[in-house]
Amino acid sequence: MSNPNFKLDNGEIKIKIKNKWTTVNFNEYENIEIVGDPGANGVVVKGIHKITGRVDAIKIWLPRKDAENGEVRESQYYAEIQKIAQLNHPNIVKIYNAWIENACYFCSMEYIDGCTLKTWISSPRSKWKRLDILNKIFMAIKVYQDKGIIHGDIHTNNILIDKAQEIHIIDFGTSVTSKYGDQSNYRENYLMYELVEKVMGDDFSGEVFLLKKYFLNDQIQNKNDVRNAIPSLVSSTILEYIKLEMIKLQMGKLTDLNDLFEICECIAKGLYINMDFVYKNMATWCSQDAIDAFPQMFYETLEDVIYGEAQNNDNEAEKMRYLSLYVYYMYYKSIQTRIDASVYDKTYEKMRYLIGKKEYDAYIKIINQEIDLFDLHRHLQDKYDDEDEIYKIEGDIRAILESLLSHFYNGYYLHILRSEYLEIQQIKMDESLYNKIVNLSHIYRFNNGIKD
């Protein structure tokens, strides 16, 4: 990629700032060499620090082609420097220093002696080695995403592989923290998918994910467009996909049901993994006993994954009580007009040891007339003064809704349960909605010192 604001003139590096060419000086370095081609945001050189003798990579920021006044965007410079400085991780390039001189913006970084991922995958590699490299890449991606940082340009030229086959992520120049808008999130998701696609080559099938890669710059028109997803959930899913493929490679033919548990756990945690596709292909790598055991084992594993943190933690249990109630209500309202009397009858038969018929009918009436959980909660507050009574009723309604969904979807409920778990994880990423839901519990508010 060329940049009209950069040139080499008789061995001197020059950049155009405010439409005037400036010679770049490296007073603290010697043996300067250009590394790769200049990009949209900058050019990288390497040099030997005169005092320490260390070989550094030095990035020089360039004005973009469309830059106003022909200047480097200073806010972008500071954002990149400060973000990478937070990420003290062996697989993310380290920053040593940053400075501004003669309107030129610099930073010195760890120099990686190796090749780009693009070059690495151009040579034949075993499936295991490609999975191993992907695993290292996505473990590092999770590090910065868990800090709320989006790279925004995580492609094969921005990942270096050194002589020891360790990976190093570079060039956060187009990244933004996730609160600054959706565009970089969209790009992050698209490029993460593309990394898997390119590294795995013929060993990758797009059917393994519930998400699809459409065109990067098109309008999002499909619910399953990868750009619709939350980046940290996409990277978590890809890590589970990698683990799943590694397990399959290691064991050959699956006969031990303990190994099947690991498979189920990967699918349960990998929220965008296509369970139906994995199950359909199990005959090629599983015994018939394992195939027969899969549905029930997956159901039990999914329950453990969803409610595992809540089992021995009262605070987490309160959160899940209301998060799941919110999601059950949302799913119920989407199918309310399609539920017939037999489903309500079956649900009551299951619930009658807990709730009398009169109470059950009253609860169904309330559920059907309120729009969502918040309206339901307000309705109950208007009717009852006792918070404990409201809490009990909402617990009963949660059990009713779960049973209604189970009876309505019947054999398909496993898919719905997994979709509900995805909804819960997405809600957790929306701090405002998340807090609004969990604060419906007066017990949670009391335990956490939250005043009404």
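All of the points below concern the structure found in this document. The model shown is predicted, which means the values in this text are computed figures rather than measured ones.

## A closer look at the overall build of the protein chain
Stage number 1. Within the protein chain, the secondary structure is distributed over 16 helices and 13 strands.
Stage number 2. Considering only C-alpha atoms, the protein chain reaches an extent of 90 × 55 × 40 Å along its principal axes.
Stage number 3. A total of 452 residues make up the protein chain; the buried ones form 48% of that total.
Stage number 4. Partitioning the contacts of the protein chain with sequence separation of at least 6, the portion at a separation of at least 24 is 64%.
Stage number 5. The averaged location of the 68 negative side-chain charges in the protein chain is 5 Å from the averaged location of its 54 positive side-chain charges.

## Some details on the pattern of salt bridges
Stage number 1. Inspection of every chain in the model, using the stated rule, returns 23 salt bridges.
Stage number 2. Among the salt bridges present, the one from Arg187 reaches Asp153, with a minimum N-O distance of 2.7 Å. Of this pair, Arg187 sits in helix H4 (residues 183-200) while Asp153 sits in the loop between strand S10 (149-150) and strand S11 (159-162), placing them 34 residues apart in sequence.
Stage number 3. Residue Asp153 is classed as buried on the basis of its relative accessible area, which comes to 13%.
Stage number 4. Between Asp361 and Lys357 there is a salt bridge whose closest N-O contact spans 2.8 Å. On the criterion of helical spacing, the pair formed by Asp361 and Lys357 is a turn pair, its members being 4 residues apart in helix H11 (residues 357-369).
Stage number 5. With a relative accessible area of 40%, Lys357 lands in the partly exposed category.
Stage number 6. Several salt bridges converge on common partners, so that one network encompasses Glu194, Glu197, Lys198 and Lys213.

## Focus on the packing of aromatic side chains
Stage number 1. Summed over all chains, the structure comprises 17 aromatic pairs.
Stage number 2. Between Tyr77 and Tyr78, the aromatic rings sit 5.5 Å apart at their centres with planes inclined by 70°, giving edge-to-face as the arrangement.
Stage number 3. Take Tyr77: its relative accessible area is 2%, and that puts it in the buried class.
Stage number 4. Between Tyr193 and Phe209 the ring centres are 5.9 Å apart and the planes differ by 65°, which places this aromatic pair in the edge-to-face class. One end of the pair, Tyr193, is in helix H4; the other, Phe209, is in the loop between H4 and helix H5 (231-251), and 16 residues separate them in sequence. Pair check on accessibility: Tyr193 and Phe209 agree, each one buried.
Stage number 5. What links up through ring pairs into an aromatic cluster is the set Trp61, Tyr77, Tyr78 and Tyr105.
Stage number 6. Over the aromatic face of Tyr391 sits the side chain of Arg321, whose NZ or CZ is 3.9 Å from the ring centroid.
Stage number 7. Of note, Lys436 hangs over the ring of Phe374, and the distance from its end group to the ring centre comes to 4.3 Å.

## A short note on the sheet that holds strand S6 (residues 55-61)
Stage number 1. Within the open sheet, the 5 strands sit side by side as S4-S5-S6-S8-S7. Their pairing is antiparallel. Edge positions in the sheet fall to strand S4 (29-35) and strand S7 (95-101), since each of these pairs with one other strand and no more. Across the sheet, the axes of successive neighbouring strands diverge by a mean angle of 25°, strand direction being ignored.
Stage number 2. Direction of pairing for strand S5 (residues 42-49) relative to S6: antiparallel, over a ladder of 7 bridges. Paired with Val44 across the strands is Lys59, a residue of S6.

## Brief notes about the layout of surface pockets
Stage number 1. By volume, the second largest pocket is sized at about 820 Å³.
Stage number 2. Forming the walls of the second largest pocket are 27 residues, and the residues nearest its centre are Lys223, Tyr331, Ser419, Leu422 and Glu423.
Stage number 3. Those elements that place two or more of their residues in the lining of the second largest pocket are helix H7 (275-280), helix H9 (314-335) and helix H14 (413-428).
Stage number 4. Looking at the lining of the second largest pocket residue by residue, the class counts come to 14 nonpolar, 7 polar and 6 charged.

## Quick notes on the pairing of strand S3 (residues 20-23)
Stage number 1. Pairing between strand S2 (residues 12-17) and S3: 4 bridges, direction antiparallel. The residue of S3 that forms the bridge with Lys14 is Thr23.
Stage number 2. Here S2 hands over to S3 after 2 residues, with Lys18 in that stretch at a positive phi of 55°.

## Some points on the packing of H5 against helix H6 (residues 257-269)
Stage number 1. Interaxial distance between H5 and H6 falls to 8 Å at its minimum, and their mutual angle equals 160°. Between H5 and H6, the crossing angle belongs to the class labelled roughly antiparallel. Crossing of H5 against H6: the hand is left-handed. Counting all contacts with H5, which are made through Glu240, Lys243, Leu244, Ile247, Lys248 and Met251, the residues of H6 involved are Asp259, Glu262, Ile263, Glu265, Cys266 and Lys269.
Stage number 2. Of the residues belonging to the contact of H5 with H6, the class tally is 5 nonpolar, no polar and 7 charged.

Conventions adopted
Residues numbered from 1 in each chain as written. Predicted model: local features only at pLDDT ≥ 70, side-chain atom pairs only at ≥ 80, totals over all residues. Heavy atoms only, no water. Helix = DSSP H or I, 4+ residues; strand = E, 2+ residues; numbered from the N terminus. Buried < 20%, exposed > 50% of the residue type's maximum accessible area, 1.4 Å probe, protein only. Contact = heavy atoms within 4.5 Å. Lys, Arg positive; Asp, Glu negative; His and termini not counted. Charge placed at Lys NZ, Arg CZ, Asp CG, Glu CD. Salt bridge = Lys/Arg side-chain N within 4 Å of Asp/Glu carboxyl O. Phe/Tyr/Trp six-rings, centres within 6.5 Å; stacked < 30°, edge-to-face > 60°. Lys NZ or Arg CZ within 6 Å of the ring centre and 35° of its normal. Pairing = 2+ DSSP bridges. Axes fitted to C-alpha atoms, helices over the stretch in contact; angles between N-to-C directions. 1 Å grid on protein atoms, 1.4 Å probe; cavity = no way out; pocket = protein on both sides within 12 Å on 5 of 7 lines; lining within 4 Å. Points joined across faces, edges and corners; volume = space filled by probe spheres on them. Nonpolar A, V, L, I, M, F, W, Y, C, P; charged D, E, K, R; others polar. Parallel < 35°, antiparallel > 145°, perpendicular 65-115°, else oblique. Left-handed = near helix turned anticlockwise from the far one by under 90°.

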